[in-house]
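Close look at the chain arrangement
Each chain, written out:
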Amino acid sequence: MIPLTPGQIRGSFVNLSRRQAKELSVPQLEEVAWDTLDFFAWRHGRAADRSYLVTEHGDRLVSLALRTSEKKGLTPRSGMCGVCCTVQEGGNFGLFVASRAGSSGRAGNSVGIYLCGDLDCSLYVRGIKPRLTRKQMGETLPQRDRVARLQLNLAEFIDKVLEE
Ligand SMILES: [Zn+2]
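Scope of this entry: the structure provided in the associated data block. Note that this is a predicted model, so its numbers are computed, not measured.

Some thoughts on the sheet that holds strand 1 (residues 39-43)
Pairing within the open sheet is antiparallel, and its 5 strands lie in the order 1-2-3-6-7. Two strands in the sheet have a free side with no partner beyond their single neighbour: strand 1 and strand 7 (110-116). Neighbouring strand axes in the sheet, compared pairwise and without regard to direction, differ in orientation by 30 degrees on average. In terms of strand pairing, strand 3 (residues 60-68) meets strand 6 (residues 93-99) through 2 bridges, oriented antiparallel. Within the sheet, the bridge partner assigned to Arg67 lies in strand 6 and is Val97. Along the sheet, helix 5 (residues 143-162) makes contact with strand 1, strand 2 (50-57), strand 3, strand 6 and strand 7, crossing strand 2 at roughly 110 degrees.

Shown next, in the form of structure tokens:
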């Protein structure tokens, strides 16, 4: 990713009101290793069930507000991340739900995806963060293709959020 500013992130939310986005606290960005990321994501400090994600989508930036349904945001069971295809143990795996953009979202429609609980998908596909469970898929794809698959999966999810 290209390095982003808090203003760029706040200005690209598709499923928050302008006011909600403006009031959102964005973490410190100086230390972020942008070149290792396909998306930048963080959890809300106090509300553990709320997360935020920003990525390049086509020729623009898209930020999403996400909610996790479980109390602590993560399911106790294991499963495969819908974006990076890493198999995660329970406790680092959860269903993240985004309100749809525009009138569809205001009418209460949402779309969900199972993700790594730590949202470090970009680091797993690059081997920067080790996969903790041995139960991974028999993966033969080179790293470059795994990164491309991650980006494609994420883009498909964002398209669903943007769908009117
Ligand atoms: Zn993942």
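Text resumes after the structure shown.
Examining the pattern of salt bridges
Under the definition given, this model contains 7 salt bridges. We note a salt bridge from Arg67 to Asp49, for which the minimum N-O separation is 3.3 Å. Of this pair, Arg67 sits in strand 3 while Asp49 sits in the loop between strand 1 and strand 2, placing them 18 residues apart in sequence. Residue Asp145 pairs with Arg144 through a salt bridge whose shortest N-O separation is 3.8 Å. By relative accessible area, Arg144 is classed as exposed at 67%.

Considering the nonpolar core
Counting residues in hydrophobic clusters, the biggest one holds 26 residues, and the most contacted among them are Phe39, Val83, Cys84, Cys121 and Phe157. Residue assignment for this core shows that the elements contributing at least two residues are strand 3, strand 6, strand 7, helix 4 (121-125) and helix 5. A total of 6 residues in this core trace back to one element, the largest contributor, which is helix 5. In this structure Cys121 touches Phe39, Cys81, Val83, Cys84, Cys116 and Leu150, once residues within four positions along its chain are discounted.

Overview of the coordination of the zinc ion
Around the zinc ion, the protein contributes the donor atoms Cys81 (SG), Cys84 (SG), Cys116 (SG) and Cys121 (SG), which lie 2.3 Å from the metal centre. In this structure, the zinc ion is surrounded by 4 donor atoms whose angles at the metal cover 100 to 117 degrees, and the resulting shape is tetrahedral. Ordering the donors of the zinc ion by residue number gives the pattern C-x2-C-x31-C-x4-C.

Rules behind the numbers
Numbering of residues starts from 1 in every chain and runs along the sequence as written. Predicted model: local features are reported for residues with pLDDT of at least 70 only, side-chain atom pairs are reported and counted for 80 or more only, and whole-chain, interface and lining totals are derived from all residues. To get the side-chain values, all heavy atoms of the structure are used, and hydrogens and water are removed first. Pairs of strands are assigned from DSSP output, requiring at least two bridges between the strands. Counting from the N terminus, the helices are DSSP H or I runs at least four residues long and the strands are E runs at least two residues long. Between N-to-C directions, angles cover 0 to 180 degrees, with each direction set by a line fitted to C-alpha atoms, over the stretch in contact for helices. Two residues qualify as a contact provided that any one of their heavy atoms is within 4.5 Å of a heavy atom in the partner residue. The salt bridge definition used is simple: a Lys or Arg side-chain nitrogen within 4 Å of an Asp or Glu carboxyl oxygen. Using a 1.4 Å probe on the protein chains alone, a residue whose accessible area is under 20% of its type maximum counts as buried, one over 50% counts as exposed, and one in between counts as partly exposed. The term nonpolar core refers to a set of buried residues drawn from Ala, Val, Leu, Ile, Met, Phe, Trp, Tyr and Cys, joined through side-chain atoms within 4.5 Å. A donor here means an N, O or S atom no more than 2.8 Å from the metal, or no more than 3.2 Å when the metal is Na, K or Ca. Since water is not included, a site may seem to lack partners. Under this scheme a four-donor centre is tetrahedral when all angles range from 85 to 135 degrees, a four-donor centre is square planar and a six-donor centre octahedral when opposite donors are above 155 degrees with the rest from 65 to 115, and any other centre is irregular.

In short, the description is geometric, and any link to function would need to be established separately.
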